[in-house]
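As a plain string of letters, each chain reads:
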Amino acid sequence: MAWGEFKDTAAERRLFQRRAVVMLVLVLLMMIGLLARMYQLQIVEHEIYTTLSDKNRVQVQSVPPPRGLVYDRNNLLLAENRPVFSLTLVPERVAGMEATLARLSEILDIAEEDVERFKRRLREPRRPFQEIPLSYDLGEEEIARMAVHRHEFPGVEVRAELVRYYPHSELTAHALGFVGRINREELQRIDPVNYAGTNYIGKSGIERFYEQVLHGTVGYQHVETNARGRILRVLERVNPVPGEDLQLHLDLRLQRKAYQLLEGRRGAIVAIEPETGGILALASVPGFDANKFVTGISVEEYRNLSTDIDKPLFNRALRGQYPPGSTIKPMMAIAALDSGVTNRERRIWDPGYFQLREGGRRFRNWNRSGDGWVDLKYSMARSNDVYFYEVGVEMGVSVMSEYLAHFGFGEDATLDVSGALSGLLPTADWKRAARNEPWYPGDSVNMSIGQGFMLATPLQLATATTLIANRGVWVEPRLLKDIRGDRSVDEFLPSETHEPLILKNPDDWEYVVDTMEEVMHGARGTARSSGQGASYRMAGKTGTAQVFSLGEDEEYDEEQIKERLRDHALFVGFAPSDNPKIAVAVIVENGGGGSSTAAPVARALFDAWLEELPATEQSSVISQVNPEEGR
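Every residue gets a number counted from 1 within its own chain, in the order that chain's sequence is written. pLDDT decides what is reported in this predicted model: residues at 70 or higher carry local features, side-chain atom pairs at 80 or more are listed and counted, and totals for whole chains, interfaces and linings draw on all residues regardless. As a convention, hydrogens and water are excluded, and side-chain values are obtained from all of the structure's heavy atoms.

**Re the overall build of the chain**
Helices and strands together make up the secondary structure of the chain, namely 24 helices and 20 strands. Look at the contacts in the chain between residues 6 or more apart in sequence, and 73% of them connect residues 24 or more apart. Working note: accessible area of the chain is about 30200 Å², and carbon and sulfur atoms make up 51% of it. Only DSSP runs of H or I with at least four residues qualify as helices, and only runs of E with at least two residues qualify as strands; both kinds are numbered from the N terminus onward. Two residues qualify as a contact provided that any one of their heavy atoms is within 4.5 Å of a heavy atom in the partner residue. For accessible areas, the Shrake-Rupley method is used with a probe of radius 1.4 Å. Any residue's cover is judged against the shown protein chains and nothing else.

**Regarding the pattern of salt bridges**
Between Lys or Arg on one side and Asp or Glu on the other, a salt bridge is scored when a side-chain nitrogen of the former is within 4 Å of a carboxyl oxygen of the latter. Scanning the model with the defined rule gives 28 salt bridges in all. One salt bridge in this structure joins Arg 164 and Glu 207, with 2.8 Å as the shortest N-O distance. Of this pair, Arg 164 sits in strand 5 (residues 156–165) while Glu 207 sits in helix 8 (residues 205–209), and the two are 43 residues apart along the sequence. Across this residue pair, the class does not change: Arg 164 and Glu 207 are buried. Arg 478 serves as the salt-bridge partner of Glu 496, at 3.0 Å between the closest nitrogen and oxygen. One end of the pair, Glu 496, is in the loop between helix 20 (489–492) and helix 21 (507–521); the other, Arg 478, is in the loop between helix 19 (458–469) and strand 17 (480–484), with 18 residues separating them in the sequence. Residue exposure (1.4 Å probe, protein chains only): buried if accessible area is under 20% of the type maximum, exposed if over 50%, otherwise partly exposed. Assessed through its relative accessible area of 41%, Glu 496 is described here as partly exposed.

**Let's talk about the sheet that holds strand 18 (residues 539–545)**
The pairing of strands in a sheet comes from backbone hydrogen bonds and takes either a parallel or an antiparallel form. DSSP-based pairing: two strands are paired if at least 2 bridges between them are found. Ordered in space as 12-11-20-19-18, the 5 strands form an open sheet in which the pairing is antiparallel. Pairing within the sheet leaves two strands with one partner each, and these edge strands are strand 12 (279–285) and strand 18. Sheet twist, expressed as the mean angle between neighbouring strand axes with direction ignored, is 5 degrees. Of the pairings in the sheet, the one linking strand 11 (residues 267–272) to strand 12 comprises 6 bridges and is antiparallel in character. Across the sheet, the residue bridging to Ala 268 is Ser 284, located in strand 12. Where helices are involved, their axes are fitted lines through C-alpha atoms of the stretch in contact, as for all axes, and angles between N-to-C directions lie from 0 to 180°. Packed on one face of the sheet, helix 10 (residues 252–261) meets strand 11, strand 12 and strand 20 (582–588) and runs near 30 degrees to strand 12. The sheet strands contacting helix 23 (residues 594–612) are strand 11, strand 12, strand 18, strand 19 (568–575) and strand 20, and the helix crosses strand 19 at an angle near 30 degrees.

**Quick notes on the side chain of Glu 207**
Accessibility expressed as a relative area gives 1% for Glu 207, which makes it buried. A distance of 3.1 Å separates a polar atom in the side chain of Glu 207 from a polar atom in the side chain of Arg 67. Polar side-chain contacts of Glu 207 include one of 2.8 Å to the side chain of Tyr 166. With residues up to four places along the chain from it excluded, the contact list for Glu 207 reads Arg 67, Ala 79, Arg 164, Tyr 166, Leu 176, Gly 177, Phe 178, Val 179, Gly 202 and Leu 214. Whenever two N or O atoms come within 3.5 Å, that pair is a polar contact, provided that in protein one can donate a hydrogen and the other can accept it, and provided that, for residues adjacent in sequence, both atoms are side-chain atoms.

**Looking at the nonpolar core**
Residues belong to a common nonpolar core when they are buried Ala, Val, Leu, Ile, Met, Phe, Trp, Tyr or Cys residues joined through side-chain atoms within 4.5 Å. In this structure, Tyr 210, Leu 254, Leu 404, Phe 407, Phe 409 and Phe 571 are the most contacted members of the largest nonpolar core, which totals 137 residues. Per element, the largest residue contribution to this core is 10 residues, and it comes from helix 16 (residues 385–406). Ignoring anything within four residues of it in the chain, the contact list for Phe 407 reads Met 331, Ile 334, Thr 463, Ala 464, Leu 467, Ile 468, Trp 474, Leu 501 and Trp 509. Ranked by size, the runner-up nonpolar core spans 17 residues in total, among them Leu 89, Met 97, Leu 104 and Leu 138.

**Here's the deal with the pairing of strand 10 (residues 245–248)**
Successive residues of a regular strand alternate their side chains across the two faces of the sheet. Taking every second residue as pointing to the same face, both faces of strand 10 are buried, with Asp 245 and Gln 247 on one and Leu 246 and Leu 248 on the other. Where strand 10 lies against strand 17, 4 bridges are found, and the strand directions are antiparallel. Residue pairing for strand 17: Asp 245 is matched across the bridge by Arg 484.

**Topic: the confidence of the model for the chain**
Caution applies to low-pLDDT regions: their predicted coordinates should not be interpreted in detail. With 90% of its residues at a pLDDT of at least 70, the chain reaches an overall mean of 87. The predictor rates its confidence in each residue with pLDDT, a number between 0 and 100. The model gives residues 549–554 a pLDDT under 50, and that stretch makes 7 contacts with residues more than four places away or in other chains. Throughout residues 616–629 the model reports pLDDT below 50, and contacts reaching past four residues in sequence, or to other chains, amount to 17 contacts.

**Some remarks on a positive patch on the surface**
In this analysis, a patch consists of residues with relative accessible area above 30% that form no salt bridge, clustered at 9 Å for like charges and at 5 Å for the nonpolar side chains Val, Leu, Ile, Met, Phe, Trp and Tyr. For the purpose of charge, His is not counted, nor are the chain termini; Lys and Arg are scored as positive and Asp and Glu as negative. Note that the charge is assigned to NZ on lysines, CZ on arginines, CG on aspartates and CD on glutamates. A surface patch of positive charge is lined by Arg 13, Arg 14, Arg 18 and Arg 19. Within the element layout of this structure, Arg 18 appears in helix 1 (residues 9–44).

**Structural notes on unusual backbone geometry**
With an omega of 5 degrees, the peptide bond between Val 285 and Pro 286 qualifies as cis. Within the secondary structure, Pro 286 is located in the loop between strand 12 and helix 11 (291–294). Cis geometry is adopted by the peptide bond preceding Pro 576, which originates at Ala 575 and carries an omega value of -20 degrees. Inspection of the secondary structure puts Pro 576 in the loop between strand 19 and strand 20. Look at Ser 383: it is not a glycine, yet its phi comes out positive at around 55 degrees. Along the chain, Ser 383 turns up in the loop between helix 15 (376–382) and helix 16. A relative accessible area of 6% places Ser 383 in the buried class. Backbone geometry places Arg 471, a non-glycine residue, at a positive phi of 55 degrees. The topology assignment puts Arg 471 in the loop between helix 19 and strand 17. A relative accessible area of 18% places Arg 471 in the buried class.

If you want it as structure tokens, here you go:
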């Protein structure tokens, strides 16, 4: 058979054509499908995929506001913000946390304590993608090292942030308080939006009380990042609103003077401006460096502070509750006069002791030989105990407690002083509830001279003294003087609640002030040596508070008593007595007599405020302060 009989060229051509058409249709269908899909992605779903793409490329970051600054009454800076470079990690972007920490420790000098602190914060609740600091305040050399190895550590950055700084830390620690890192409890109660990006919050004092004013309003920015999450550029930014700056009544010069006067001792000084109630000085000695608490104090440093026998962390001015001793006598004099228990002419016989009944216990006067016949003015100047024993028993606990409550004892009468305690103003009901015992006349004897159950803080004593200086007009102590911005002081400063103390005979105020002048300027005044040579008249009262009780016939021998069991020395007073510009309360722990230890401190403070400090040109002080500094 011939070859040509088997080959059908036409049939093969038709088969090829059919196959080509089928393939062409398939290719066209695929092209149409591809074009349709491209149309859907590029046109129909363009915005969706652009948004998804931007989420990988563009991020929204919170911009924390600069914290408001704090100034004293003369515009001296008390709390500012300084830039600090910190090493931070975003756990969600770190692959292999343990290995990363180990490698970082090889490159930088990171303390083991910092690593442990970081791990604790890593376990605590936090915001997603929140940076956690590992090491603070990096030096230039450490920053340079991290720049060289930056590509090796995704999720690790060197961040610049503004951190609170107290230039006069030890002087102002107890008055201002301090800020610290936000903890778990605070994270639950703060506004998560406004505090996004904020790492620090007020922990105590003014920093805590005015947190809302000082913090400001958060801002935000859109940033473009690479695959490792590093910022390439800022696309859009809404600036944060800085916190408001505060001006306090506190005078740094007087605060420094108070610390100098108590140097080497333990004690507290509170000075108040009677006209405004502004706290001019609030010193608790010894103090501490508040800057150590801002970024996190080391365990060893905190242990040293908390176990220090002198208790530098304890705010004696606000939380030290002491028997007020004889400093309570001016207030008792007002109570006795206004209640009608005594008058200006009444005289009481002092044989050196007082007895509730014949043959009963003898409550001793500090002058064991007695002062003979004494009236109220002499008793105040001489600090005679027997006179006040007598009128205290006649008044009874109800009358004494009622009048002392008008002076602010037994309560926190301050407006914005965070952490102040209320002391203890005993009553018959209190003793029955606390001790399951009735109130005895002997309890009234002790209370009449500020001993027994009664306890008061130095701030309370200064507040009560200010009421006498103002002749019954209440001014509740406050630290805030002004807010520099659009916000009003009245918006944040609590309203005053105390009514004036109106006496049946308003002249009794002047009479009691005269008796306090006798303490400082009288021939038998207990603090006459501190009043000598003054160019102004001052009113005051010394006091001595026992740390432990003596037996009925036991005598006090200071030389044989351990130093920390010796009496506390106290003083309250104001000056000038006719137009008071300053009222003070001083306590020197285990200082002995109030006349020999506490009164000279108060006199030096009076001299500083009335004669030395006003001579300082405040304008020159103000000119040295740049309002934008520390932002």
